[in-house]
Amino acid sequence: MSWGSELWDQFENLEKHTQWGIEYLEKYTKFVKERSEIELNYAKQIRNLSKKYQPKKNSREEEESKYTFCRAFMTTLNELNDYAGQHEVISENLTSQIIAELSRYLQELKSERKSHFHDGRKAQQHIESSWKQLESCKRKFERDCKEADRAQQYFEKMDADINVTKADVEKARQQAQMRHQMASDSKNDYSSYLQKFNQEQNEHYFTIIPNIFQKLQDMEETRIDRLGVCMKTFADVDRQVLPIVGKCLDGMTKAAESIEPKTDSKQVVESYKSGFEPPGDVEFEDYGQAMKRTVSDNSLTSSREAKEKPSGKSKGKLWPFIKNKNKGSGPEDFSHLPPEQRRKKLQAKLDELNKDIQKEMDQRDALTKMKDVYVKNPQMGDPTSVDPRLTEIGQNIEKLQFEVQKFEGWLAEVEERMPSKSDTHRRSGFYETQNNTTVGNTCAQDRESPDGSYTEEQNSETQVKANINTNPTSSTPEFDDEFDDEETLPTIGTCKALYPFEGHNEGTIAVAEGELLYVIEEDKGDGWTRVRRNEEEEGYVPTSYVEVFLETNAKGAMTYI
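Computed from a predicted structure; not experimentally measured.

**Regarding the overall build of the chain**
The helix and strand inventory of the chain stands at 11 helices and five strands. About 33900 Å² of surface is accessible on the chain, with carbon and sulfur atoms providing 52% of the total.

Here you go:
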C-alpha cells in the first residue's frame, strides 16, 4: 500500500506519526546508551573486585603460591579480570556500532523529514492559493451576470416606456450590452481558471502529494529497518564475546579442578618441617639410691626445682608450641628458623643470587661484544664509553659472589648441624653407658637463636647452678651445641647496654641505653649475646652494644649439647 494514494488527505496525521517514529528511535538510542554505561560500570566493579583480592607483593604471596587452592583462586581472579574485559568490549561495541550510528542517522532523518514536509506544505499552500483565485473568479462571474441581468431588465423597461426618449433607451441598451460583454468575459476567465485549477488539483493529489508521501513512507520504512538492524546488532554484540566468556568460565572450572588437597597437605609439611627428631622417652630416675644418684642435665624436672619454683611459672616443655613474642623479618642468615626451614631459605637465596650473577654476566658479555664492535668500527661508537658500565658490572659480580660464598658457608653450617635420625638412640645409649643407675633425659627441648644454633637448657636457674657446682664434668662432648630446653637458663653474669637496640627481629629483645640485664648465654662468635630482663623477657642483643661482666665461676661452665 502507498501512503500517497491511501493517505492523500492525512498530511497532519503523517506529520505526527513520523515525529513519533523519530522520538521512538531516540528513546531506543538512550536505552542502548544506558545499557552501555551499565556494562562499563559492571566491568569496572569486576576489575576492582579482582584487584582487591589479588595477593599483595610481599613474602606472603610467595608462600600462598605454593598451594594449589591459592593458585586456583589467583587463576580465577585473572579469568574474572578477562571476563570484565569482555563486558568492556560489549560497552565499546554498543557505543560504536549502535549509539554512534543511530545518533548520526537521527540527524539525517530529522533533516530529511523536515525537507519532505516543507515540500508538502508548499504544495498545500499553492493549491489553497489556486482555490482562492478560482473562488474569486467565480464570484466575479456571478456578480457580472447579475449586473448584466439587471442592465437587460432596465433596458427592456426603458424600451417599453413611451415616455422615455430614444436617447435614454439607446443608452440603456448600450449599458446592457456592456454588462453582457463583461459577464461573458468573466465567464471565459472563470472557465479558463477552473480548467487550470482542476489540472493543478489533479497534479497536486495524484502526483505531488503522492511523491512526497512516498518519500515519507520510504523514510519511515528505512527508519524501522535501521531500528531492526540495531536490535540485531544489540544481540550480536553479546554473542560475539560469548566464546571468550566461555573460555574464561572454562578457565575458572579448570582452576577449581586443579586443586589437590593431598598436594597442599604435603606442602604444609615442606613449609613447616623443622628437621628435628621427636623427643625420646623420658626415662626413670631412681631417687631411692641417694648415694648413687647424680643430677641429670637432661631431667625434665627436679625436686629442688619443684620446691623453689611453681610448675605454672616454668616455660612449657613442648617447644614446637611455644610462640616467640618478638616478630620481625629475621636476621640475614635466617638463623631464627628451624634447621630444615633455614636450609630451604638459604638454598632459595643462593639460587636467587646465582640468577643475578648470571644476569650480570650476560650483560657483561653483551657489553664486551659491543666494545669489540666499536674497536673494529670506530665510526659506530667510542669503545671507552662502555668501560664505566663494565667496571660497574664487574663490581656487582664480585659483590654477588661474596654474598654467594657467605650464604654457602651458612648452608654448609646448617647441613653439618642437621640432626640424623639416629640421634635419639645415640643419646640414650650414651647415658646408659655413663651411669646405669642414673637415667638421662633424651628429650632435648630446643630453642631458637639468631645464629641458628640450638642449646639444651636446664630446668631452672637455681637447679643448673647446683649442677654446675656439684658436677662440672657432666657435659656430653659427643653432642654439639645444637639444642636447648625452653626452660629458664642460669645467669652467668650481667651486662650494661652501651647503645639503644630496638630488637625488631624474631628472637631479639629491645634494650635502652644504660639498662642493666642478666647474661644467660655468651657470644659464641656470631656477634650475639643472650640476655634476660625478667622471667618472661629474654632474647639476643648485639655483643658490640653491651658491656659484659661474667661471673668467674660461671664462665665456661655451661654445657651445650
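Still more to cover.
**Describing the confidence of the model for the chain**
Across the chain, the average pLDDT comes to 78, with 77% of residues at 70 or higher. Low pLDDT (under 50) marks residues 420-486, which in the prediction has 208 contacts with non-local residues, meaning those over four places away or in another chain. In the predicted structure, residues 555-561 sits below a pLDDT of 50 and forms 28 contacts with residues beyond four places in sequence or in another chain.

**A short note on the sheet that holds strand β2 (residues 516-521)**
Taken in spatial order, the five strands make up an open sheet running β4-β3-β2-β1-β5, and their pairing is antiparallel. The outermost strands of the open sheet, each flanked by one partner alone, are β4 (538-542) and β5 (546-550). Taking each pair of neighbouring strands and ignoring which way they run, the sheet shows an average axis angle of 40°. Pairing geometry for β2 and strand β3 (residues 528-532), over three bridges, is antiparallel. The residue bridging V519 from the neighbouring strand is V531, located in β3.

**So, helix α5 (residues 166-257)**
With 92 residues, α5 should cover 136 Å at 1.5 Å per step; its first-to-last C-alpha distance of 132 Å lies within 8% of that length. Of all the bends in α5, the greatest measures close to 45° and is centred on H204.

**Here's the deal with a nonpolar patch on the surface**
Taken together, L49, Y53 and F73 make up a surface patch of nonpolar side chains, about 300 Å² in accessible area. Examined against the element boundaries, L49 turns out to sit in helix α2 (residues 11-52). The exposure class assigned to L49 is partly exposed, which follows from its relative accessible area of 40%.

**Some words on the side chain of E220**
Considering the arrangement of structural elements, one finds E220 in helix α5. A relative accessible area of 4% means that E220 is categorised as buried. Among the polar contacts made by the side chain of E220, one reaches the side chain of R223 at a distance of 2.4 Å. The residues touching E220, leaving out its near neighbours within four places in the chain, are W3, H17, T18 and G21.

**What to know about the packing of α2 against α5**
Orientation of α2 relative to α5, taken along the N-to-C sense of each, is 15°, at an axis distance of 11 Å. It follows that α2 is roughly parallel to α5 by the angle criterion. The interaxial crossing formed by α2 with α5 has left-handed handedness. Contact residues: F11, L14, H17, T18, G21, I22, Y24, L25, Y28, F31, V32 and R35 in α2; F213, M219, E220, R223, L227, C230, M231, F234 and D238 in α5. Its residues assigned to classes, the contact of α2 with α5 comprises 14 nonpolar, three polar and four charged.

**Let's talk about the pattern of salt bridges**
Overall, the coordinates contain 22 salt bridges when judged by the stated rule. Note that E142 is salt-bridged to K146, the shortest N-O span being 3.6 Å. Of the two residues, E142 and K146 both sit in helix α4 (residues 68-160), four residues apart, roughly one turn of that helix. Look at E142 and you get partly exposed, because its relative accessible area is 42%. Here K146 falls in the partly exposed class, since its relative accessible area comes to 45%. The closest approach of N and O atoms between K232 and D236, which form a salt bridge, is 3.1 Å. On the criterion of helical spacing, the pair formed by K232 and D236 is a turn pair, its members being four residues apart in helix α5. The network of salt bridges with shared partners includes R35, E39 and D238.

Procedures and definitions
Residues numbered from 1 in each chain as written. Predicted model: local features only at pLDDT ≥ 70, side-chain atom pairs only at ≥ 80, totals over all residues. Heavy atoms only, no water. Helix = DSSP H or I, 4+ residues; strand = E, 2+ residues; numbered from the N terminus. Areas by Shrake-Rupley, 256 points an atom, 1.4 Å probe, with all protein chains shown as cover. pLDDT = per-residue confidence, 0-100. Contact = heavy atoms within 4.5 Å. Pairing = 2+ DSSP bridges. Axes fitted to C-alpha atoms, helices over the stretch in contact; angles between N-to-C directions. Expected span 1.5 Å × (residues − 1). Bend = angle between axes of the 7 residues up to and from the residue. Patch = residues over 30% accessible without salt bridge, like charges linked within 9 Å, V, L, I, M, F, W, Y side chains within 5 Å. Salt bridge = Lys/Arg side-chain N within 4 Å of Asp/Glu carboxyl O. Buried < 20%, exposed > 50% of the residue type's maximum accessible area, 1.4 Å probe, protein only. Polar contact = N/O pair within 3.5 Å; in protein donor to acceptor, adjacent residues only side chain to side chain. Parallel < 35°, antiparallel > 145°, perpendicular 65-115°, else oblique. Left-handed = near helix turned anticlockwise from the far one by under 90°. Nonpolar A, V, L, I, M, F, W, Y, C, P; charged D, E, K, R; others polar.

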